[in-house]
Amino acid sequence: AKRRDMRDDLTFTIDPKDAKDFDDALSFKTLENGNYEIGIHIADVSHYVQENTLLEEEAYNRATSVYLVDRVVPMLPEILSNGACSLRPNEEKLTFSAVFEMNEKGHVLNEWFGRTVTYSDKRFAYEEAQEIIETKENIISKEISITGKSYTVKNEIVEATLKLDELAKKLRKKRLQQGAITFDRVEVKFNLNEKAEPIGVFFKESKDANKLIEEFMLLANRKVAEFIGSKKGVPSKKTFIYRVHDEPNLDKLNALQSIVSKFGYTNKIDTTNKQTTSSSLNQLLKDVHGKAEANMIETLAVRTMSKAEYTTQNIGHYGLAFDYYSHFTSPIRRYPDVMTHRLLQHYLDGGKSPKAEGYEEKCKHSSEQEYLASRAERDSIKYMQVKYMADHKDQEFEGVISGVTEWGIYVEILENKCEGMVRIREIKDDYYLYDEKQFALVGQSTKNLYQLGDHVLIKVKKTDLERKHLDFTLLEKIEKDLT
């Protein structure tokens, strides 16, 4: 009875096709004045996970779900994460919502935050939403076929998806103009057999449907943080959970500059101010997109960045170009979002600002757990790559040199992004020395160079699953015709 009833509003979820925990849903309706009411509805985890319970204690200790290649280690028991809290289609759910009135230009005219009850009419995979966006066919009902199954989508959902996509693009454009940095990185994914062994590698790229969801989640996260953190443009000093991101490291940016100039990217990374730094970085990322060295340069660019973390001390979010930012949209898989929900409700009820100390400690713990989880996720990918390559020992692969050290070169295979090492002592055609200025190994007598970005042909020599390590044999350098 205390909740806003939004069950009659057109509501749907868009998630990866194998997802089981649906944190968020979008609702859409056109208002009489021609504006749009868009609801971002988030699973009301704090309704189920009460403070001072064993469930709360365990959720806090884990602080995050961990997504490994072959399994998920959830933060909450599955009866909650995939059941009671999950915004499954055709079920009434308890949600915490951010509802915005927006105009055609994507400007937010009104906002409302509070607890709601919602009903999801449809569950989309990203691929299905993407097909609606790409075909733009606006017919009475649209049949789309994904992985052999046919789906009929009502016209109103087609229209809502297209309008949300349009608004998301405007939000994104504005964000980039304000200095946000876009890392559209390709994710490595695996096809697993029934024994959870890798039998194939494929790449997942962020398309319009992914970006649609991303923009509205960013909007909710930003608006919640502004609502609590700022009063008429002045910091409110209220205790809150912020997601902050500091400015990049100048020395690392200069090092990146000298590496990318070796590849012929002559546009300078202009570090005069925040705006010029981010726009020149965006230009670089755009220039390398789709090239063989893209993954390597994107990785190096990411390393110039500070780490995003949780804190009660707001310094803004550099990468997103937001003065206020929090995490509100994924409480099923992130503990800080649960804290955000509780504090938001506390302030909506007219509560006074609690002491920051206890929250700061919880933020620190959450940041540490997040770091451990992302390391485990990276290691899990590396492990599967090594396992996959163990079955391809006789094959030759083309790769790009992704790292050069005094003990050898790292090579990333182009077709599956597996990275391995060629030891310097095993390059037999000369005696090689490491030249750090050129990021290269130089042959003493032939003056032959192996440097960052060179294309080479390799074979797998040895796979070490325990150390998650690949050793390659270098077959030859591939000379690229640059004309």
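Our structure is the block above this text.
Read on for an overview of the structure. (Residues numbered from 1 in each chain as written. Predicted model: local features only at pLDDT ≥ 70, side-chain atom pairs only at ≥ 80, totals over all residues. Heavy atoms only, no water.)

Some words on the overall build of the protein
Phase 1: Scanning the protein from N- to C-terminus turns up 11 helices and 25 strands.
Phase 2: Relative to a compact globule of 483 residues, whose C-alpha radius of gyration would be 23 Å, the protein shows 25 Å and is just as compact.
Phase 3: In the protein, 66% of the contacts between residues at least 6 apart in sequence involve partners at least 24 apart.
Phase 4: Element-wise, carbon and sulfur atoms account for 48% of the exposed surface of the protein, whose accessible area totals about 24,300 Å².
Phase 5: Seen as two clouds, the 72 positive and the 80 negative side-chain charges of the protein have centres 3 Å apart. (Helix = DSSP H or I, 4+ residues; strand = E, 2+ residues; numbered from the N terminus. Rg over C-alpha atoms; globule rule 2.2 N^0.38 Å. Contact = heavy atoms within 4.5 Å. Areas by Shrake-Rupley, 256 points an atom, 1.4 Å probe, with all protein chains shown as cover. Lys, Arg positive; Asp, Glu negative; His and termini not counted. Charge placed at Lys NZ, Arg CZ, Asp CG, Glu CD.)

Here we look at the sheet that holds strand S1 (residues 4-5)
Phase 1: The seven strands are arranged S1-S8-S7-S4-S3-S2-S9 in an open sheet whose pairing can be described as mixed. The outermost strands of the open sheet, each flanked by one partner alone, are S1 and strand S9 (122-125).
Phase 2: With seven bridges joining them, strand S3 (residues 24-30) and strand S4 (residues 36-43) adopt antiparallel strand pairing. By the bridge assignment, Ala25 is partnered in S4 with His41.
Phase 3: Together, strand S2 (10-15), S3, S4, strand S7 (92-102) and strand S8 (108-119) form the strand contacts of helix H6 (residues 208-229), whose direction differs from that of S8 by roughly 105°. (Pairing = 2+ DSSP bridges. Axes fitted to C-alpha atoms, helices over the stretch in contact; angles between N-to-C directions.)

Structural notes on the packing of aromatic side chains
Phase 1: Going through the model one piece at a time under the given rule, you end up with nine aromatic pairs.
Phase 2: Judged by centre distance (4.8 Å) and plane angle (45°), the rings of Phe113 and Phe227 are tilted. In this pair, Phe113 sits in strand S8 while Phe227 sits in helix H6, placing the two residues 114 residues apart along the sequence.
Phase 3: Accessibility expressed as a relative area gives 7% for Phe113, which makes it buried.
Phase 4: Cluster of aromatic residues (ring-pair linked, three or more members): Phe100, Phe113 and Phe227.
Phase 5: Sitting above the plane of the Tyr310 ring, Arg243 keeps its charged end 4.6 Å from the centroid.
Phase 6: Lying across the ring of Phe203, Lys417 places its NZ or CZ 4.7 Å from the centre. (Phe/Tyr/Trp six-rings, centres within 6.5 Å; stacked < 30°, edge-to-face > 60°. Buried < 20%, exposed > 50% of the residue type's maximum accessible area, 1.4 Å probe, protein only. Lys NZ or Arg CZ within 6 Å of the ring centre and 35° of its normal.)

Here's the deal with the packing of helix H4 (residues 126-135) against helix H5 (residues 155-177)
Phase 1: For the pair H4 and H5, the least separation of the axes is 10 Å and the interaxial angle reads 80°. In this view, H4 runs roughly perpendicular relative to H5, as classed from their interaxial angle. When H4 is examined against H5, the residues Ala129, Ile132 and Ile133 are found in contact with a partner set consisting of Val158, Thr161, Leu162, Asp165 and Lys169. (Parallel < 35°, antiparallel > 145°, perpendicular 65-115°, else oblique.)

Focus on a positive patch on the surface
Phase 1: A cluster of basic side chains, namely Lys252, Arg303, Lys307, Arg375 and Arg378, defines a positive patch on the protein surface.
Phase 2: Assignment of secondary structure puts Arg375 in helix H11 (residues 357-389).
Phase 3: Owing to a relative accessible area of 39%, Arg375 belongs among the partly exposed residues under this scheme. (Patch = residues over 30% accessible without salt bridge, like charges linked within 9 Å, V, L, I, M, F, W, Y side chains within 5 Å. Salt bridge = Lys/Arg side-chain N within 4 Å of Asp/Glu carboxyl O.)

Brief notes about the sheet that holds strand S21 (residues 432-435)
Phase 1: Pairing in this open sheet of three strands is antiparallel, and the strands run S21-S22-S23 from one edge to the other. The two strands at the open ends of the sheet, each matched to only one other strand, are S21 and strand S23 (449-451). With direction set aside, neighbouring strand axes in the sheet form an average angle of 20°.
Phase 2: In the sheet, strand S22 (residues 440-443) pairs with S23 via three bridges, with the strands oriented antiparallel. By the bridge assignment, Val442 is partnered in S23 with Leu449.

What to know about the pattern of salt bridges
Phase 1: In the structure shown here, the tally under the stated rule is 32 salt bridges.
Phase 2: Among the ionic pairs, Asp165 bridges to Lys169, the shortest N-O distance being 2.8 Å. Within this pair, Asp165 and its partner Lys169 are both found in helix H5, separated by four residues, close to a single helical turn.
Phase 3: A relative accessible area of 37% means that Lys169 is categorised as partly exposed.
Phase 4: Each of Arg4, Asp9, Lys29 and Glu37 takes part in salt bridges that share partners, so that together they form one network.

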